[in-house]
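# Structural features, examined
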Amino acid sequence: MKGKIVIDKQMCKGCKYCVMSCPKGVIVIKEQFNERGYFTAHPEHMGKCTGCALCAQMCPELAIEVWAENNRKKKA
Ligand code: SF4
Ligand code: SF4
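Residues numbered from 1 in each chain as written. Chains lettered and ligands numbered in written order. Predicted model: local features only at pLDDT ≥ 70, side-chain atom pairs only at ≥ 80, totals over all residues.

### Observations concerning unusual backbone geometry
Its identity is not glycine, yet K16 carries a phi of approximately 75 degrees, on the positive side. With a phi close to 55 degrees, L62 is a non-glycine residue in the positive phi region. Mapped onto the elements, L62 comes out in the loop between α2 (54-58) and β4 (64-68). (Helix = DSSP H or I, 4+ residues; strand = E, 2+ residues; numbered from the N terminus.)

Below you can see the structure in the form of C-alpha cells.
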C-alpha cells in the first residue's frame, strides 16, 4: 500500500465524484445513511490506493484526507 484515505462520512454527500475520479477503483458508495441522509463513500479496496489524491481534489465537501505510506498527510 502506497497511500490511504480517510473519509469523513458526516461531511460526505454521496456525489460519487471521488468514485469517478479514482483511477484504482478504491472507493465505493455504500447504502449506509449518514446523519444528513446521504449514502456515503467508503474506501473499499484500500490496498490499491496509490495516494495520488485525485479523490480529495475532486471532493466538493473536503471530506477526504490522503495519507502517504510514511503517514505524512498529503492533502487536507
Ligand atoms: S488517493 Fe488516488 S488511488 Fe487513493 S483513493 Fe484517492 S484517487 Fe484513489
Ligand atoms: S466526492 Fe466527497 S462528498 Fe462526494 S461522495 Fe466522495 S467523499 Fe462524498
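The discussion continues.
### Some remarks on the nonpolar core
I5, I7, C18, I27, C55, C59 and I64 are the most contacted members of the largest nonpolar core, which has 15 residues in total. Looking at this core, the elements with two or more residues in it are β1 (3-7), α2 and β4. (Core = buried A, V, L, I, M, F, W, Y, C linked by C-beta atoms within 7 Å. Buried ≥ 20, exposed ≤ 12 C-beta atoms within 10 Å, placed from the backbone.)

### Focus: the site of ligand 2
Residues in contact with ligand 2 amount to 14 residues; listed here are only the nearest, C12, C15, Y17, C18 and C59. Partitioning the shell around ligand 2 into residue classes produces ten nonpolar, one polar and three charged. (Near = placed C-beta within 6 Å. Nonpolar A, V, L, I, M, F, W, Y, C, P; charged D, E, K, R; others polar.)

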